[in-house]
Amino acid sequence: MVVMSKQSPNMEQFCVVNSSQSTNTLIPLIDLSQPDSKSCLVKACEEFGFFKVINHGIPTEFISKLESKAIKFFSSPMSEKEKAGPPDPVGYGNKSIGRNGDVGWVEYLLLSTNLENDCQRIASVVGETPENFSLCVNNYVKAVKKMACDILEMLAEGLMIQQKNVFSELLMDKQSDSVFRLNHYPPCPVFHGKHLIGFGEHTDPQIISVLRSNNTSGLQISLKEGSWIPVPADQDSFFINVGDSLQVMTNGRFKSVRHRVLANSYKSRVSMIYFGGPPLSEKIAPLPLLLKEGSNNSLYKEFTWFEYKKSAYKSKLADNRLCLFEKIRAS
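The structure presented is a predicted model; accordingly, all values stated were derived computationally and were not measured.

Chemist: What is the right way to read the overall build of the protein chain from this model?
Modeler: A count of helical and extended segments in the protein chain gives eight helices and 15 strands. A burial count over the protein chain gives 55% of its 331 residues as buried. Taking the intrachain contacts of the protein chain between residues at least 6 apart in sequence as the baseline, contacts between residues at least 24 apart amount to 74%. In the form shown here, the protein chain has an accessible surface area of approximately 15800 Å², with 51% of it arising from carbon and sulfur atoms.

Chemist: So what exactly am I meant to see when it comes to the layout of surface pockets here?
Modeler: Over the atoms rolls a probe the size of a water molecule, and its path tells where empty space is left. Put simply, the second largest pocket is a space of about 490 Å³. Along the wall of the second largest pocket there are 21 residues; nearest its centre are Thr-203, Gln-247, Lys-255, Ser-256 and Arg-258. The class makeup of the residues in the lining of the second largest pocket is seven nonpolar, five polar and nine charged.

Chemist: Just checking my understanding: could you explain the environment of Pro-230 for this structure?
Modeler: Mapped onto the secondary structure, Pro-230 falls in strand 10 (residues 228-230). Along the backbone, Pro-230 and Val-261 are 31 residues apart, and their C-alpha atoms lie at a distance of 9.2 Å.

Chemist: Looking at this structure, I do not really get the packing of aromatic side chains. What am I missing?
Modeler: Evaluated as defined, the whole model comprises nine aromatic pairs. Seen from their ring centres, Tyr-308 and Phe-325 are 5.2 Å apart, and the 75 degrees between their planes marks the pair as edge-to-face. With Tyr-308 in helix 8 (residues 305-313) and Phe-325 in the segment after helix 8, this pair connects stretches of sequence that are 17 residues apart. With respect to class, Tyr-308 is no different from Phe-325; both count as buried. Taken together through their ring pairs, the aromatic side chains of Phe-303, Trp-305, Tyr-308 and Phe-325 make up a single cluster. Geometry around Tyr-313 places Arg-99 over its ring, the cationic atom sitting 4.5 Å from the centre. Between the NZ or CZ atom of Arg-260 and the centre of the ring of Trp-228, over which it lies, the distance is 4.1 Å.

Chemist: Any chance you could explain the nonpolar core here in plain terms?
Modeler: Nonpolar side chains in soluble globular proteins tend to be buried together. Core analysis: the biggest nonpolar cluster contains 69 residues, and Phe-51, Phe-73, Met-147, Ile-151, Phe-167, Phe-180 and Phe-238 have the highest contact counts within it. For this core, the element with the most residues is helix 5 (residues 130-158), which contributes 15 residues. Counting residues in each nonpolar core, the second largest holds 20 residues, with Ile-27, Val-179, Val-257 and Val-261 among its members.

Chemist: How should I be thinking about the side chain of Ser-176 in this particular structure?
Modeler: Along the chain, Ser-176 turns up in the loop between helix 6 (168-172) and strand 6 (179-185). One polar contact links Ser-176 to Ser-178, side chain to side chain, over a distance of 2.8 Å. Each residue touching Ser-176, except ones within four places of it in the same chain, is listed here: Leu-170, Leu-171, Gly-277, Pro-278 and Pro-279.

Chemist: Where do I start with the pattern of salt bridges in this structure?
Modeler: Working definition: two side chains of opposite charge can pair if their charged atoms are close together. Enumeration over the complete set of coordinates arrives at 11 salt bridges. For Lys-52, the salt bridge is made with Asp-234, and the minimal N-O distance between the two is 3.1 Å. Of this pair, Lys-52 sits in strand 3 (residues 50-54) while Asp-234 is found in the loop between strand 10 and strand 11 (238-242), placing the two residues 182 residues apart along the sequence. Neither residue differs from the other here; Lys-52 and Asp-234 are each classed as buried. Across the pair Glu-61 and Lys-65 runs a salt bridge whose closest N-O atoms are separated by 3.0 Å. Taken as a pair, Glu-61 and Lys-65 lie in helix 2 (residues 60-74) at a separation of four residues, close to a single helical turn. Glu-61 sits in the partly exposed class, given a relative accessible area of 45%. Judged by its relative accessible area of 46%, Lys-65 falls in the partly exposed class.

Chemist: What is the right way to read the confidence of the model for the protein chain from this model?
Modeler: For residues with low pLDDT, the predicted coordinates do not support detailed interpretation. Overall, the predicted model of the protein chain reaches an average pLDDT of 88, with 89% of residues at or above 70. Overall, residues 1-8 carries pLDDT values under 50, and its contacts beyond four positions in sequence, including any with other chains, amount to 21 contacts.

Here is what the cut-offs are and how they apply
- Residues numbered from 1 in each chain as written.
- Predicted model: local features only at pLDDT ≥ 70, side-chain atom pairs only at ≥ 80, totals over all residues.
- Heavy atoms only, no water.
- Helix = DSSP H or I, 4+ residues; strand = E, 2+ residues; numbered from the N terminus.
- Buried < 20%, exposed > 50% of the residue type's maximum accessible area, 1.4 Å probe, protein only.
- Contact = heavy atoms within 4.5 Å.
- Areas by Shrake-Rupley, 256 points an atom, 1.4 Å probe, with all protein chains shown as cover.
- 1 Å grid on protein atoms, 1.4 Å probe; cavity = no way out; pocket = protein on both sides within 12 Å on 5 of 7 lines; lining within 4 Å.
- Points joined across faces, edges and corners; volume = space filled by probe spheres on them.
- Nonpolar A, V, L, I, M, F, W, Y, C, P; charged D, E, K, R; others polar.
- Phe/Tyr/Trp six-rings, centres within 6.5 Å; stacked < 30°, edge-to-face > 60°.
- Lys NZ or Arg CZ within 6 Å of the ring centre and 35° of its normal.
- Core = buried A, V, L, I, M, F, W, Y, C linked by side-chain atoms within 4.5 Å.
- Polar contact = N/O pair within 3.5 Å; in protein donor to acceptor, adjacent residues only side chain to side chain.
- Salt bridge = Lys/Arg side-chain N within 4 Å of Asp/Glu carboxyl O.
- pLDDT = per-residue confidence, 0-100.

Below you can see the structure in the form of structure tokens.
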């Protein structure tokens, strides 16, 4: 079992929730090898903003090697892990999430997808050469990035957009501001009959997120009416989130899913997330092809990814970041 810092915040400082949630709703499951996957992807993005994919083609070796290195890192003494921190903006973090007072029962490594500057201090903690650690992360990130781009291109085709790389080209751009995150949630006892929050409710600001975790539950998503449903653990599949930027580009047709993680009482949870983001200078706005012909029914103002990212850094996790960029419609 991985042990958190001895100077942990008092348990009352962590948000607690009742874990009794509805389990009647099924998470969309999409087989990427099937011919109807495009329409299924579009429907999942419209109704949930979240889905699980199988037959994804990512080598098991890439997954297992990186998870093994992540577990080794998080199992290291706190004094060693702290050498890889603080996360400013990349590096090791423990409990504090962001810059505005959010905390969670989590420790993490935040990395850019250009690892040259990140690997030296992290690799030394796990007894690896920077080259070996970098290769392991790069193999995994390259594979999930390709899958993310394939999914984005299928979504574009499903929306009847002729330029099928209209979304994926933003991830493929050399200046793409994508990040990669390794999270570790140690086991945590139930507190006064309720579960502690591992990572508080939020939406992802980027275009798309690709999540994989070990066989431990904890992730939940929020439905349109506000109820929370648990996502069954599945270490062989990947879960995809629609991000805020994709919601804007589709003029609200796709929904950026609100999600959270509850600390598990018995088992450690390790998750690996690729956040596919556009270049900092990229302008984000609804695609003209998705607006009603002859009308200006855009729900959002145009903004650059840099402007949105800067705004997100100033917010708390649970804030609705997009409300600042919504157009005010006449009543």
